Amino acid sequence: MRTMQQLVFDFFRLCNLEPVEIRKGVWQVRADDALMKELDGWRAQGRLLQFTFDQRSAETYGADLICHGSYRLNSILQVIRKQGVLSQAHIPHHFFHEPGIRKKILGGFGAVERAYVVNCSLQYSQYLELEILAEARGLQKKESIHTVVVDLSSGKVLKFAFPYHLLKAGEVPKDTLRKRKCSFKQAFANATTHLHETMAASDHNWAYEARHKLTLEEEKLREFFQGRTESEEFKAKKQELHQRLAPAVRIDALRGAILLVPLFHYRLVVVETHGKEKSKNLTYDPIGNQYLQDSD
Amino acid sequence: MHQFFPNFANAETKRETPVLLHEVTLQDYNGEVLARGFKQIVSELRAKRFDTWAWYSLAKKADEFMVSQQQTTELLAVEYLKERWKQVGVVPYNHQLQTAKRVIFDMQGQAILADEVGLGKTIEAGLILKEYLLRGLVKKVLILTPASLLWQWYHELYEKFGINAGIQRSEWDWAYSDILIASLDTAKREPHASHITNILYDLIIIDEAHKLKNSSTLSYRFVNSIQKKYCLMLTATPIQNDLKELYNLIALIKPGQLGSYRSFKDRFIMDKRTPKNPQELKVLLSQVMVRNRRDEGTIRFTGRIVHPIVVSLTPKEQNLYDRVTQFVKERSRQTGLQNILPLITLQREVCSTFLATALTLEKMMVSMEPDQLTQVADLLKDLADVKQNTKCDALERLVGGLDDKIIIFTEYKASQEYIRYRLEKAGYSTLAFDGTLSRGKKQWIRHMFQKEAQILVSTESGGEGLNFQFCNQVVNFDLPWNPMRLEQRIGRVHRLGQARDVHIFNLLTKDTIEEHIMYLLHQKINMFETIIGELDAILLHLNLGKTFESEIMEIFLAHEEQEKIRERLDHFGDRFIMGQAEVKTSTWELF
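Right, let's walk through the structure included here. Owing to the predicted nature of the structure, the values given are computational and were not obtained by experimental measurement.

Some remarks on the interface of chain B and chain A
- Contacts between chain B and chain A engage 79 residues on the former and 91 residues on the latter.
- Carbon and sulfur atoms supply 60% of the area buried between chain B and chain A, which totals about 8,000 Å² over both sides.
- Summed over the shared surface of chain B and chain A, the number is six salt bridges.
- The tally of links between chain B and chain A comes to 31 residue pairs in polar contact (both at pLDDT 80 or more).
- At 16 residues, the largest contribution of residues to the side of chain B that touches chain A is made by helix 3 (residues 53-70) of chain B.
- Among the residues forming the side of chain B that touches chain A, the class breakdown is 37 nonpolar, 22 polar and 20 charged.

See the structure below:
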């Protein structure tokens, strides 16, 4: 309930409206024509929209009831879901303690080698976050939502949890963006493959049930057509049956975001034991906590 | 008009077409990847339209919320429509909710809704449609109905379910409109049929599905050829004459459910109307058919209280009635029974008002021989001389004693105008309601009647399709001879949603044919006090070979003596009651 209330209040806040509690449990906002049209269709006009989360208050004061499945909640959800198809956010580089990273890198060379930093630069690596809806269609439809993050440098799906709490809205300077090596299409393909693999490992009872029912119904259909299984009518009816009962998982992307993660890039000079100097490029990825050695 | 969310134009249209990006066959199921969502993201990327992170995060929460809501096995539509139903006065009955759940969760959207008349099959179908829409399971829907019910479906779907369906008008509508209501008779004809059979429908709803009982008809073959995922058929009479009709209906929605026809015949048919293994058949039927009955305690209908008001004509009126009756009998002897319709009309009109009679006589004069014209002219002259109308006097007295809203039914426009003239003159506010009014005007008059006027004077055709549950007093100024038409009249007020007992006032003129009609409909068939479901099935079962009205007229014309007429009507009434029992037995055994 609290989540629902929070969602509704966040919605109005993002619409620059501040609900006022006019009675205990009954709120009011002044929704203009444009918002009402988004909520209730083109015929709607602006009005003082009163809403409540309590059934009794809705009946007493005639306010729109917002509860699971109610019209008003659904209209708000529909409007919200139309927003935010694409967004972007970044993790500010200052969230990570650069001297600490530098120390860690230099410390890694041990006693036999010495290294010093010639220069240090910052880049932002691009990740594509996809929110994907998976519909398992068998005897009934079951939906689930999956979030997959793909590293656009390598095309790999992130196996660990992305630190969303560090994200901040907004862009970064364009010249700091690391070039993508994976196309969006490839990233989406990788994400869906990953999703299929994940779902393949889960419970398939729904699919077995649907398959079983489909087999039974197909037998009945064959009996009805008495051997005329080559006829167009039989094929059409069989196709209908498959459309209705054949188990399938349908995947569709709902929205996506470009997530930018800082990469700390170091140019080092390493002094080996016999005094020979060698230059080396090293990149540190703070969210994967890994050092990537670049070729010179 | 400015848009509230300017950085997100045409989102809805972009989400429309579900194109498959690729498909993978896995061991247990098929994996399908749709292109639409991803394409939309890419197009936003290309246009560099980034929404704020706050909206993005909120939208993600809303997605999760929506999905969690859809996991319920309860009907989403009930909560969604709660407030709308409160506004329009719809009370969903338990049997309707159960039926919708059964069809969606157990029958996979393939069902015959065969509730008895008046139990709300349309509500059930609307509820199922709405639920499927809310769950995102259907998009392309076709509703096939008789032409006379197109607007009724449109209104019911819009008012009660907030579904904005289109009514088919041109051949382009089939592809264009997602939810379309169309007449079956239009749809089955070319060029429409070709358009329809090329479309894959998510859901087809067929009202009055008993019209598809014969598998050799064009209608049947047409419906069978439509590609459909889910299919609902609505009929109160899945069997009318023959068990084969039932087999045909079921073969349309689930071919093979009852096996091949040969095996069905061997296993289940004893004779045309008697099943061999009723219990076994019942189990198979229950998998594809839902039938709720009135007597199962599903609904408590309010009572019907009948008040017959006998009116004695003045000698002058009686004389004119006799002369018109004599004229009808003479004409029937001359022209035979082929052209009986105008004579039936005349005989009925003379019991209504002389104004209506005069207008019909005038029309008949065009096709008359010159020697008959004098007789008709005399009659017309005398009709014009009658200044009194005893029936209308009685109506005025009746209305004077009633406080609440009243609907007065008459079959004739001329009578309707005369009644209004008389009542307005007596100081009552009246409204006229008839079939020639546009949809908007009908709605407006219904609204005005509910809010302002006390009396609505309606003709038969005006009565169809609109409901007046806020009124509980019906006056039959003249009686229709056909029980179906009578049931339609009473059905306008005595239906689901009527909270009070319904009072039916029947004005009948003494020593006229109306007395006999009243005897047949009230005392014999008990039409007024009980709801006789399946009237059309009973009439079909009686196999009269002619209309109900013609049957009565023939009895009336064949005999002069009142006793003889009564005896024949008795016999006819007995046949009706027997037919009713037979229809009931055959359907009760199975459902």
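A closer look at empty space enclosed by the protein
- Enumeration over the complete set of coordinates arrives at five cavities of 30 Å³ or more.
- Roughly 110 Å³ of internal volume is contained in the largest cavity.
- Of all the secondary-structure elements, those providing two or more residues to the lining of the largest cavity are helix 7 (205-225) and helix 8 (232-245) of chain A together with helix 12 (243-253) of chain B.
- The biggest single contributor to the lining of the largest cavity is helix 8 of chain A, with four residues.
- One number sums up the size of the second largest cavity: a volume of about 90 Å³.
- Along the walls of the second largest cavity sit Leu313, Glu317, Val350, Cys351, Ser352, Thr353, Phe354, Asn389, Lys391, Thr509 and Thr512 of chain B, which together make up its complete lining.
- Tallied by class, the residues present in the lining of the second largest cavity amount to four nonpolar, five polar and two charged.

Focus on helix 26 (residues 548-558) of chain B
- For helix 26 of chain B, a buried count of nine out of 11 residues is recorded, marking the element as mostly surrounded by other parts of the structure.
- Three or more residues of helix 26 of chain B are buried, namely Phe548, Glu549, Ser550, Glu551, Ile552, Met553, Ile555, Phe556 and Leu557 of chain B.

Re the packing of aromatic side chains
- Taken as a whole and assessed by the stated rule, the structure comprises 31 aromatic pairs over all chains.
- Judged by centre distance (5.8 Å) and plane angle (70 degrees), the ring pair of Trp27 of chain A and Phe53 of chain A falls under edge-to-face. Remark: Phe53 of chain A occurs in the loop between strand 3 (47-52) and helix 3 (55-61) and Trp27 of chain A occurs in strand 2 (residues 26-31); sequence separation between them is 26 residues.
- Note on Trp27 of chain A: relative accessible area 16%, which makes it buried.
- Aromatic pair Trp85 of chain B and Phe161 of chain B: ring centres 6.2 Å apart, planes at 85 degrees, arrangement edge-to-face. Residue Trp85 of chain B is found in helix 4 (residues 76-88), and its partner Phe161 of chain B is found in helix 7 (residues 150-161); the two are separated by 76 residues along the sequence.
- Given the relative accessible area of 1%, Phe161 of chain B is considered buried.
- Of note, Arg84 of chain B hangs over the ring of Tyr158 of chain B, and the distance from its end group to the ring centre comes to 5.9 Å.
- Over the ring of Phe477 of chain B we find Lys391 of chain B; its NZ or CZ atom is 5.2 Å from the centre of that ring.

Basis of the calculations
Residues numbered from 1 in each chain as written. Chains lettered and ligands numbered in written order. Predicted model: local features only at pLDDT ≥ 70, side-chain atom pairs only at ≥ 80, totals over all residues. Heavy atoms only, no water. Contact = heavy atoms within 4.5 Å. Buried area = accessible area lost by both parts, 1.4 Å probe. Salt bridge = Lys/Arg side-chain N within 4 Å of Asp/Glu carboxyl O. Polar contact = N/O pair within 3.5 Å; in protein donor to acceptor, adjacent residues only side chain to side chain. Helix = DSSP H or I, 4+ residues; strand = E, 2+ residues; numbered from the N terminus. Nonpolar A, V, L, I, M, F, W, Y, C, P; charged D, E, K, R; others polar. 1 Å grid on protein atoms, 1.4 Å probe; cavity = no way out; pocket = protein on both sides within 12 Å on 5 of 7 lines; lining within 4 Å. Points joined across faces, edges and corners; volume = space filled by probe spheres on them. Buried < 20%, exposed > 50% of the residue type's maximum accessible area, 1.4 Å probe, protein only. Phe/Tyr/Trp six-rings, centres within 6.5 Å; stacked < 30°, edge-to-face > 60°. Lys NZ or Arg CZ within 6 Å of the ring centre and 35° of its normal.

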